[in-house]
Amino acid sequence: MSRTIMLIPISSGVGLTSISMGTLRAAERKGVSVSFYKPISQPRQGGDGPDLTSTIVGQDIKTAEPIAMSVAENWLGNEQSDVLLETIVERYNQVNTTDVTLIEGLVPTRKHPFANQVNADIAATLGAEIVFVASPGLDNPSQLKERIEVACSHFGGTKNKNIKGVIINKLNAPVDEAGRTRPDLSEMFDGSDAAKQANLEVMEIFNTSPIRVLGCVPWNLDLIATRAVDMAKHLNAEVINKGEIQSRRIKSITFCARSIPNMIEHFKPGSLLVTSADRPDVIVAAALAAMNGVEIGAILLTGGYDMPAEIVDLCKPAFDSGLPVFKAQGNTWQTSLNLQSFSLEVPADDKERAEHVSDHVAGHIDGPWIDSLAEGTQGIRRLSPPAFRYQLTEFARKAGKRIVLPEGDEPRTVKAAALCAERGIANCVLLGNPEEIKRVAAQQGVQLGAGVDIIDANAVRENYVARLVELRSKKGMTEVVAREKLEDSVFLGTMMLEAGEVDGLVSGAVHTTANTIVPPFQIIKTAPNASIVSSIFFMLLPDQVLVYGDCAINPDPTAEQLAEIAIQSADSATAFGIDPRVAMISYSTGTSGKGADVDKVREATELAKEKRPDLVIDGPLQYDAAIMENVAASKAPNSPVAGKATVFVFPDLNTGNTTYKAVQRSADLVSIGPMLQGMRKPVNDLSRGALVDDIVYTIALTAIQATQQQ
C-alpha cells in the first residue's frame, strides 16, 4: 500500500524546496521508492515559469507536470475549484505508483492568499498525510509552538488524524528585524553549540504539544554558498576573467574599503571581494593571495571603471589559476543593495548544492518516521544511489578505521580528510610535511582537528627500513635501496599498512595507478584465500546501484580467474548492502553461441557455481538479457539472474573497461571505483581527476573493506 505525504508551509520563507528535497532523500536512503508532485507551480518571481522543486527533483525522481499558476487562479476565480482538483487527481495518479508520493503544497503569500484553503482541499482530495513546515524567524520556541498550533487549527486541528507532525527548518538562522534571513549576520548566529541548544529548547517545548516534531533542521551557512556565476548573473555583471566562475562558491562578501593591512584577514577561501576598479592595491593583493593557493571566491569590480592593462598583465598568473573577476556598472553602494536582494534558493542547475542541501536536511529528519513510510509496501528493494551513499557512510562510521593518505598535502585530499573526520567516516592519516599540510589546509579554509592525524614522513621513514629489507631481501633489497624506495610516500604508507598501524590506504589523486598499486602488490600481496587481485566499479544508475567487474586490472583472465573475479565481486556486493545476482557477460546467451570466448565464460560460470553454490550466478548472458526483463523473458526465461542482475562480470578488460566508460559517459552517471579486491589489506586507487566527494567515498569503501577482511 502506497503512502501520500503532503508538505504544507505555514508561512513564506520556510525553505519548502529544501525540506521537500531532504524528505525525498531521507526516504531514498531507506530504500523507499518515491515520486513527487507539486500540484500548482509557484515560481519565486511569479508568473508561469517552471516550478523550482519540480525542476530540481525531476532530474532523478518521477514527477508530474504542475498546473500553471495562471490556470489555477483562473479556475478558482471562476468558481471552478472542482475542475482544478480533478486535474490534480489526474496528474497525481500518473506518479502514484511508488511506495511514497510526496506532495508539495502552496506557500501562502500576499499574491496567493488562497494557498491555505487550496492546500486543505488538495490534502483532503488525495487523502494525504499532512506534515507542516515552519521556520522560527523571530519567534522563540513558545511562540513558534503557538503559531504552528494555530496553523494546525485551520486544517481541522488535532482531531484530524491525517496531521502527522511538523518539520522545523532554519533553526538558529540569522534574521533581521523583519524576520528575513540575512546571511551577512551569520557570524552573530554561528556555532554548533547554539544550534544544539536551540534544537533542545524546541524539543522541550513541543513535549507538551500534540503535534509531533518530525525534524529540526539547523541553519548551515555552507548550504547557501552560491556559485560565482550565479552572483555575476544576478548583478548582470560583465565577466573580465572567467576562471573557475562555474565552480567557485561565495561564502562571504567583503567590501574592500580599508587599507591593505586591515583587509588581509578577509582574503580567504570563498570570499567575494568587492572593490572599486580604481583600487589596484586591492586587486594586486588579492592576486598575490590567489597565487599563494588561497581559493578566493571572486573579485567584483564596481564603479564601471576598466582595470588598467598594466594591472591585468601583472595579475595574469593569478587569473590563470582560476580566479574569477567580473564588473558591475553601479557604484559600491548600488552594488551592495543589489547583493542584498540575491535569492538564497538553490538554482535548478546547481546539482552539487542540491545534493548538499538534500543530505543535510535528510540527516535531521526523524528516522522512525521515515522507517514507517516503508511499512506495508511490497516489491523488490533496489538500492538507489542515495541509499547506497548513505549506507556507505553508515557502514564506515561503524567500522571506525584508520586510513592513510600518502598524498597528504594535496588540496582535495586535505579537504576529504577533514570531511571524513567531520562525518565520522574514518580517522585519516595525512602523510607528508606537517607545515606544508597545515599551510594547504589554511589556504583551503579547512580546519584539521580531531579525527585527522598528520605524520611527518621524514620523521618516521627510518622506522621501516629494516622491515622493507626483510620483506624484499630475496629481490636484492638493501638498506640504501630501501631508503630510496621509502622516499616515495606511497611506499611509506604501504609499510605503515603492512605494520598494522593503519587499516587501509587510498592514493592516486596525483599518482598514477601503477604508482599506487605496485608497492602494495610487492609488500601487502594477495589475501590467503585469493589467487588474483581484481577490481569493481559501483555504477550509480538513477534507480539502483550495479557492480561491474573487472574493469581495471586483468587484461584476459582465464576461466578459473574469471570464476574467482565473479566470487570476489559477489562478496563485495554483499559487503556493501547489494543483493548479488551475478551475470557472466558474453556476446551470447545460454547455449546459442560457439567459440573460445563464450566457452571460457560458460566454464567460468560452472566453476563459480561449484565453488560457491550459495551464490546466484548465471551465464553466459548478453548484457541486454542480464539487465532488461523483457529481453530476459525471450532469451533466458528460466534464468534466476536474467533481467534482474546486480553484479556484471565481464570476460576481459577490453570489454569491461569499454562498457563501464560507455555507460558512465553516455548516461552521465556517477561511478565509484575502481575498488581493488583480493588484497590482504585494502588499498584503493583514485582517478587523478577525482573530486573531493570521490575521495571521501573511496575512503569509506576502504574502511568497510578493512572490516570485511578482519
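If you check an unreviewed UniProt entry, the protein appears there as Phosphate acetyltransferase from Vibrio palustris.

The next subject is the overall build of the protein. The secondary structure content of the protein amounts to 29 helices and 25 strands. For the protein, the C-alpha radius of gyration of 28 Å lies close to 27 Å, the compact-globule estimate for 710 residues. Burial analysis of the protein (710 residues in total) assigns 53% to the buried set. Taking the intrachain contacts of the protein between residues at least 6 apart in sequence as the baseline, contacts between residues at least 24 apart amount to 74%. Of the accessible surface of the protein, which amounts to about 31000 Å², a share of 50% is contributed by carbon and sulfur atoms. Side-chain charges in the protein split into 67 positive and 85 negative, and the spacing between the mean points of these groups amounts to 2 Å.

The next thing to look at is the domain arrangement of the protein. We note that the domain assignment places domain 1 (3–220 + 364–374), domain 2 (226–341), domain 3 (385–524) and domain 4 (534–675) within the protein. Just the C-alpha atoms count here: the centres of domain 1 and domain 4 sit 43 Å apart.

With 16 residues, helix 25 (residues 596–611) ought to run about 22 Å at 1.5 Å a step, and its terminal C-alpha atoms sit 22 Å apart, in line with that. Restricting attention to buried positions, one finds in helix 25 the residues Val598, Lys600, Val601, Ala604, Thr605 and Ala608. Summarising the axial view, the buried residues of helix 25 lie within an arc of 150°, below the 170-degree limit, and thus occupy one face. Exposed residues lying more than 90 degrees from the buried face of helix 25 are Ala596 and Glu610. Looking at the buried side of helix 25, the elements it contacts are helix 24 (559–575), strand 21 (581–585) and strand 22 (616–621).

With that out of the way, let us pick up the pattern of salt bridges. Scanning the model with the defined rule gives 38 salt bridges in all. The salt bridge involving Arg212 is made with Asp366; its shortest N-O contact spans 2.6 Å. Taken as a pair, Arg212 in the loop between helix 8 (192–206) and strand 7 (213–218) and Asp366 in the loop between helix 14 (351–362) and helix 15 (367–373) lie far apart in primary sequence, 154 residues in all. Note on Arg212: relative accessible area 40%, which makes it partly exposed.

Paired through backbone hydrogen bonds, the strands of a sheet run either parallel or antiparallel to each other. Taking strand neighbours across the sheet as the criterion, the seven strands line up as 3-2-4-1-5-6-7 in an open arrangement whose pairing is parallel. Edge positions in the sheet fall to strand 3 (62–63) and strand 7, since each of these pairs with one other strand and no more. Both strand 1 (residues 3–9) and strand 5 (residues 129–134) contribute to a ladder of five bridges, which runs parallel. Counterpart to Leu7 in the pairing with strand 5 is Val131. Packed on one face of the sheet, helix 5 (residues 115–126) meets strand 1, strand 4 (100–104) and strand 5 and runs near 175° to strand 1.

Attention shifts here to the UniProt feature "domain: Phosphate acetyl/butaryl transferase" (unreviewed entry) in the protein. Residues given the UniProt feature "domain: Phosphate acetyl/butaryl transferase" (unreviewed entry) here are residues 388–703. Measuring from the first to the last C-alpha atom of residues 388–703 gives 15 Å, for a span that is 46% helix and 18% strand.

Right, let's talk about the packing of helix 16 (residues 385–399) against helix 29 (residues 692–708) for a bit. Contact pair helix 16 / helix 29: the axes reach a minimum separation of 8 Å and the direction vectors enclose 50°. By the angle between their axes, helix 16 is oblique relative to helix 29. Helix 29 is crossed by helix 16, and the crossing has left-handed handedness. Across from Arg389, Leu392, Thr393, Phe395, Ala396 and Ala399 in helix 16, the residues of helix 29 making contact are Tyr697, Ala700, Leu701, Ala703, Ile704 and Thr707. Residue composition of the contact of helix 16 with helix 29, grouped by class: nine nonpolar, two polar and one charged.

What follows covers the nonpolar core. In this structure, Phe388, Leu392, Phe538, Met584 and Ile699 are the most contacted members of the largest nonpolar core, which totals 59 residues. Considering each element in turn, this core owes the most residues, nine residues, to helix 29. For this core, the domains that each give at least three residues are domain 3 (385–524) and domain 4 (534–675). When neighbours within four sequence positions are excluded, Phe538 is seen to be in contact with Phe388, Val545, Leu546, Val547, Phe576, Ile578, Val670, Ser671, Ile672, Met675 and Leu701. Listed in part, the 39 residues of the second largest apolar core include Ala64, Ala115, Ala151 and Leu171.

Turning our eyes to something else, we now look at the sheet that holds strand 12 (residues 271–276). Sheet architecture is open: five strands sit in the order 9-14-13-12-11, paired in mixed fashion. Of all the strands in the sheet, the pair left with one neighbour each is strand 9 (238–241) and strand 11 (252–255). Neighbouring strand axes in the sheet, compared pairwise and without regard to direction, differ in orientation by 25° on average. Most of the contacts of helix 9 (residues 228–235) go to strand 14 (residues 325–327), to which it runs at about 10°, and overall it touches strand 11, strand 12, strand 13 (298–302) and strand 14.

Helix length check: helix 24, at 17 residues, gives a terminal C-alpha distance of 24 Å against a target of 24 Å (1.5 Å per residue), a fit within 8%. For helix 24, the buried fraction is high: twelve of the 17 residues fall into the buried class. Of all the positions in helix 24, only Ala559, Leu562, Ala563, Glu564, Ile565, Ala566, Ile567, Gln568, Ser569, Ala570, Ser572 and Ala573 are classed as buried. Looking at the residues trailing helix 24, positive phi occurs at Gly577, about 80°.

A few words on the side chain of Thr393. Within the element layout of this structure, Thr393 appears in helix 16. Take Thr393: its relative accessible area is 8%, and that puts it in the buried class. Setting aside residues up to four positions removed in sequence, Thr393 forms contacts with Ile425 and Tyr697.

Okay, unusual backbone geometry next. A cis geometry characterises the amide bond from Gly619 onward to Pro620, with omega recorded as -5°. Structurally, the position occupied by Pro620 is in strand 22. Note the cis peptide between Gly673 and Pro674, where omega equals 5°. Structurally, Pro674 is set in strand 24 (residues 670–677).

Where helix 22 (residues 489–498) contacts helix 23 (residues 513–523), the two axes come as close as 9 Å, and the packing angle between them is 40°. As summarised for this structure, helix 22 and helix 23 are arranged oblique, according to the angle between their axes. Crossing handedness for the pair helix 22 and helix 23: right-handed. Here Val490, Phe491, Thr494, Met495 and Glu498 of helix 22 lie close against helix 23, whose contacting residues are Asn515, Thr516, Pro519, Pro520, Gln522 and Ile523. A breakdown of the residues in the contact of helix 22 with helix 23 according to their chemical character gives six nonpolar, four polar and one charged.

Relative to strand 17 (residues 452–456), strand 16 (residues 427–432) is paired through five bridges, and the arrangement is parallel. The residue bridging Leu431 from the neighbouring strand is Ile455, located in strand 17. Handedness of the β-α-β unit built from strand 16, helix 18 (residues 434–443) and strand 17 comes out right-handed.

Rules used throughout
- Residues numbered from 1 in each chain as written.
- Predicted model: local features only at pLDDT ≥ 70, side-chain atom pairs only at ≥ 80, totals over all residues.
- Heavy atoms only, no water.
- Helix = DSSP H or I, 4+ residues; strand = E, 2+ residues; numbered from the N terminus.
- Rg over C-alpha atoms; globule rule 2.2 N^0.38 Å.
- Buried < 20%, exposed > 50% of the residue type's maximum accessible area, 1.4 Å probe, protein only.
- Contact = heavy atoms within 4.5 Å.
- Areas by Shrake-Rupley, 256 points an atom, 1.4 Å probe, with all protein chains shown as cover.
- Lys, Arg positive; Asp, Glu negative; His and termini not counted.
- Charge placed at Lys NZ, Arg CZ, Asp CG, Glu CD.
- Domains from an automatic or database assignment.
- Expected span 1.5 Å × (residues − 1).
- Arc of directions from axis to C-beta.
- Salt bridge = Lys/Arg side-chain N within 4 Å of Asp/Glu carboxyl O.
- Pairing = 2+ DSSP bridges.
- Axes fitted to C-alpha atoms, helices over the stretch in contact; angles between N-to-C directions.
- UniProt positions renumbered as here; feature names shortened; annotations may be inferred.
- Parallel < 35°, antiparallel > 145°, perpendicular 65-115°, else oblique.
- Left-handed = near helix turned anticlockwise from the far one by under 90°.
- Nonpolar A, V, L, I, M, F, W, Y, C, P; charged D, E, K, R; others polar.
- Core = buried A, V, L, I, M, F, W, Y, C linked by side-chain atoms within 4.5 Å.
- Right-handed = clockwise from strand over helix to strand, strands pointing away.

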